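Close look at the chain arrangement
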Amino acid sequence: QVQLVESGGGLVQAGGSLRLSCSASRSIFSIGSLAWYRQAPGNQRELVARINVGGTTTYADSVKGRFTISTDNAKNTGYLQMDSLKPEDTAVYYCNTFIVLWARDYWGQGTQVTVSS
């Protein structure tokens, strides 16, 4: 079993920065991908960024050049650095890991990010 806990959300003005953290209960980012999703009220959950075990990253077009995803295997923690934030980035952000070997994925409880204009 794997537990993921997000932190780092909050209220920030447009143009500001936040860094989200995803702390895992065990060492899994060496065997599983890390992804960040977000869900705004009335919208479907959408993929924001993903990093696979090999370090390859993908980003939603709406965040390219502004957000950076990374992992620190020594700390069992993943990150989402968010710069140049916009009001449309306001959402609950969830971290997710998918472990191919186990054919399982796990979700955190979410952290609220609110960007004021």
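First, a word on scope: everything that follows refers to the structure included in this document. (Residues numbered from 1 in each chain as written. Predicted model: local features only at pLDDT ≥ 70, side-chain atom pairs only at ≥ 80, totals over all residues. Heavy atoms only, no water.)

1. Topic: the state of the cysteines
Under the convention used in this document: In this description, the term disulfide denotes a pair of cysteine sulfurs within 2.5 Å. Strands here mean DSSP runs of E at least two residues long; helices mean DSSP runs of H or I at least four residues long; both are numbered from the N terminus. Using a 1.4 Å probe on the protein chains alone, a residue whose accessible area is under 20% of its type maximum counts as buried, one over 50% counts as exposed, and one in between counts as partly exposed.
All told, the structure shown has 1 disulfide when counted by the stated rule. At a sulfur-sulfur separation of 2.1 Å, the disulfide partner of Cys22 is Cys95. With the S-S dihedral at roughly 60°, the linkage between Cys22 and Cys95 falls on the right-handed side. A residue pair is termed long-range when its members are at least 10 positions apart, and Cys22 in strand β3 (residues 18–24) and Cys95 in strand β9 (residues 91–99) qualify at 73 residues. Taken as a pair, Cys22 and Cys95 share a single burial class, namely buried.

2. As for the pairing of strand β5 (residues 46–51)
Basically, it comes down to this: DSSP calls a pair of strands paired once it identifies at least 2 bridges connecting them.
Two strands pair when backbone bridges link them, and strand β4 (residues 33–39) and β5 are joined in this way by 5 bridges, in the antiparallel orientation. Bridge pairing in β5 links Arg38 to Glu46. Two elements, β5 and strand β6 (residues 57–59), share 3 bridges in a ladder whose sense is antiparallel. Within β6, the residue paired with Arg50 across the bridge is Thr58. Between the end of β5 and the start of β6, which pair antiparallel, lie 5 residues, with Gly55 showing a positive phi angle near 95°.

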